[in-house]
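Chain by chain, the residues:
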Amino acid sequence: MEPQHLALLRDLALHGTVTAVAAATCRTPSAVSQQLKVAQRRAGVALVEPDGRGLRLTAAGRLAAELGQEVEVALARAAARWDAYRGASTGAVRVAAFPSAAALLLPRVLGELAAVGVEVVCDDVDVAEREYAALVTTHDIVIAHSLDGPTPRGAEGLRCVPLAREPLDLAMAAGHRLAVRPSVTAVEAAGETWVGVPSGYPFDAVARAVAAKAGRGLRVAQRVRDNRLVEALVAASDHVAVLGRLTTPSGGGVVLRPLADVPATRHVVAVLRPDRAERLVVATALDALRRAGAAAQ
């Protein structure tokens, strides 16, 4: 089987559908389907099988996908050794990061990396937790977040490197009646009107945990993605929200109070394809991000 066919099966294992593979690799679904047929014909065994309206990998297809990943890692490791021999760890690294993490980490590393010839090209993205893994197809490093642990949902099988752990607090206007408290209970928080985020975003899991602990639903006035917008809405009202302690700027009329009886911490994680993690320039950028995350805590 050709290496490009192994890579295609690896992509299908990662993205799950032909349509998603096509979008991630700038091809049409029909072109992807045609390549799958060619791969299957050359392999001599069934690599995919019907799954509802889509396809799923067979046992042979899953093995081929694993082999495709191993081939890519081996090639990247060889390239990294050659670069190290030549003393060449320069080049561009494309990073995707949710905005508040980008604001926390990138200013700490851009100058350091530029000094050694590493250019960081950043795309700020704000998607549901499960959607970050798909970005590794087009980016070298994806900075994601998760409440469940250092492996975001959907990133199983990828390399996940912890960068920071950030406490999540209840945010409110400086003049809010709860602002005088050193901490806020779930019952107290559940009695307020909230500015929330869409379902599937980590902060929404905290809001749901508050509701479960208090034994009542929350009144959610708005659901928005951008933390700066959340801060502005909270500062101008008597609403509350969940915000990160490290990534929320001081001032601006917003204060943060810990939730007394609801554990709330998010993991900020670098997610990479294993082969790209072997590239020397990517490893250099990743090391700088790890140090920046440690310094920010």
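Residues numbered from 1 in each chain as written. Predicted model: local features only at pLDDT ≥ 70, side-chain atom pairs only at ≥ 80, totals over all residues. Heavy atoms only, no water.

When you look at the domain arrangement of the protein in this model, what are you seeing that I'm missing?
By a widespread convention, an interface's size corresponds to the accessible area lost as its parts come together. Each assigned domain of the protein is listed here: domain 1 (3-83), domain 2 (88-165 + 267-295) and domain 3 (166-265). Placing the centre of domain 2 and that of domain 3 at their C-alpha centroids yields a distance of 27 Å. Counting residues at the interface gives 13 residues for domain 2, matched by 14 residues for domain 3. Roughly 1,200 Å² is buried in total at the junction of domain 2 and domain 3, and carbon and sulfur atoms are behind 61% of that figure. Of all residues in domain 2, D126, L147 and R165 bury the most surface against domain 3, accounting for 44% of the area lost on that side. For the interface between domain 2 and domain 3, the tally reads zero salt bridges. (Domains from an automatic or database assignment. Contact = heavy atoms within 4.5 Å. Buried area = accessible area lost by both parts, 1.4 Å probe. Salt bridge = Lys/Arg side-chain N within 4 Å of Asp/Glu carboxyl O.)

What exactly am I supposed to notice about the nonpolar core here?
When a protein is soluble and globular, its nonpolar side chains tend to lie buried together. Ranked by size, the top nonpolar core spans 43 residues in total, and within it V93, Y132, I141, I143, V271, L272 and L289 carry the most contacts. The element contributing the most residues to this core is helix α10 (residues 280-296), with eight residues. Those residues within four positions of Y132 in sequence are excluded, and the remaining contacts are F98, V125, D126, V127, V142, I143, A144 and H145. Counting 32 residues, the second largest nonpolar core, distinct from the first, contains A128, L178, W194 and Y201. (Core = buried A, V, L, I, M, F, W, Y, C linked by side-chain atoms within 4.5 Å. Buried < 20%, exposed > 50% of the residue type's maximum accessible area, 1.4 Å probe, protein only. Helix = DSSP H or I, 4+ residues; strand = E, 2+ residues; numbered from the N terminus.)

Help me understand the packing of helix α5 (residues 99-115) against α10, please; the structure alone is not making it clear to me.
Contact geometry for α5 and α10: axes closest at 9 Å, N-to-C directions at 130 degrees. If you check the angle between α5 and α10, you find them oblique. The interaxial crossing formed by α5 with α10 has right-handed handedness. Residues L104, L105, L106, R108, V109, E112 and L113 of α5 touch α10, and the partners they reach there are T284, A285, A288, L289, R291, A292, G293, A295 and A296. Among the residues forming the contact of α5 with α10, the class breakdown is eleven nonpolar, two polar and three charged. (Axes fitted to C-alpha atoms, helices over the stretch in contact; angles between N-to-C directions. Parallel < 35°, antiparallel > 145°, perpendicular 65-115°, else oblique. Left-handed = near helix turned anticlockwise from the far one by under 90°. Nonpolar A, V, L, I, M, F, W, Y, C, P; charged D, E, K, R; others polar.)

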